[in-house]
Amino acid sequence: MGEAPRSCPVLIGREAPLAALRELIDAAGAGRQGLAVVAGEAGIGKSRLAREARRHAEARGVRVLEGRCFDTDAGTPYVCAAHAGSVGSDG
Ligand SMILES: Nc1ncnc2c1ncn2[C@@H]1O[C@H](COP(=O)(O)OP(=O)(O)OP(=O)(O)O)[C@@H](O)[C@H]1O
Ligand SMILES: [Mg+2]
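Since the model is a prediction, treat every value here as computed from it, not as a measurement.

### Structural notes on unusual backbone geometry
Located in the positive-phi region is R14, a residue other than glycine, with phi close to 65°. Mapped onto the elements, R14 comes out in the segment before α1 (15-29). One non-glycine residue, Y78, lies in the positive phi region at around 60°. Among the residues examined, Y78 registers 11 C-beta atoms within 10 Å and is labelled exposed.

So this is what it looks like as structure tokens:
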């Protein structure tokens with residue numbers, strides 16, 4: 001009770017998708033648009049991969065916005081991106 005959730009401190013594998021995300025982030029930092037969709041079954045490591053990508057972006061000074069969506073948002077396309085646009089994580 002009250003303890004932080006345990007998480008493996010290193011990312012295991014995922015070299016190819018992480019490289020692809022880093023490439024997109026570097027391109028975004030250079031002003032080029034792109035889009036990546038990270039999809040997979042529950043618990044497969046989507047959020048973990050996104051966290052690593054975020055670290056890459058932050059290390060390069062690339063702005064990160066984070067959006068979330070919920071079951072009630074189903075049926076509203078791109079709602080996650082809309083939330084991200086209104087609630088920037090860097091203020
Ligand atoms: N490649 C990895 N290396 C080390 N740990 C990992 C890796 N992928 C996932 N994990 C760990 O496995 C657990 C589940 O991963 P994560 O929360 O990223 O899954 P998810 O796909 O986002 O799940 P959900 O669909 O429920 O949102 C977490 O503790 C995460 O740190
Ligand atoms: Mg997740």
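### Description of the packing of α1 against helix α2 (residues 46-59)
When two helices pack together, their arrangement is given by the angle between the helix axes and by the axis-to-axis distance. Between α1 and α2, the least distance of the axes is 10 Å, while the angle of their chain directions is 35°. Of the two elements, α1 crosses α2, and the hand of that crossing is right-handed. Residues P17, L18, L21, R22 and I25 of α1 form the contact with α2, whose participating residues are L49, E52, A53, H56 and A57. Looking at the contact of α1 with α2, its residues break down into 7 nonpolar, 1 polar and 2 charged.

### A look at α2
With 14 residues, α2 should reach 20 Å at 1.5 Å per residue; the first-to-last C-alpha distance of 20 Å fits that figure. Just beyond α2, the residue with positive phi is G61, at close to 75°.

### Some remarks on the site of ligand 1
Close to ligand 1 lie 14 residues, the nearest being I12, G45, K46, S47 and R48. Taken together, the residues that form the shell around ligand 1 break down as 5 nonpolar, 6 polar and 3 charged.

Calculation rules
Residues numbered from 1 in each chain as written. Chains lettered and ligands numbered in written order. Predicted model: local features only at pLDDT ≥ 70, side-chain atom pairs only at ≥ 80, totals over all residues. Helix = DSSP H or I, 4+ residues; strand = E, 2+ residues; numbered from the N terminus. Buried ≥ 20, exposed ≤ 12 C-beta atoms within 10 Å, placed from the backbone. Axes fitted to C-alpha atoms, helices over the stretch in contact; angles between N-to-C directions. Left-handed = near helix turned anticlockwise from the far one by under 90°. Contact = placed C-beta atoms within 7 Å. Nonpolar A, V, L, I, M, F, W, Y, C, P; charged D, E, K, R; others polar. Expected span 1.5 Å × (residues − 1). Near = placed C-beta within 6 Å.

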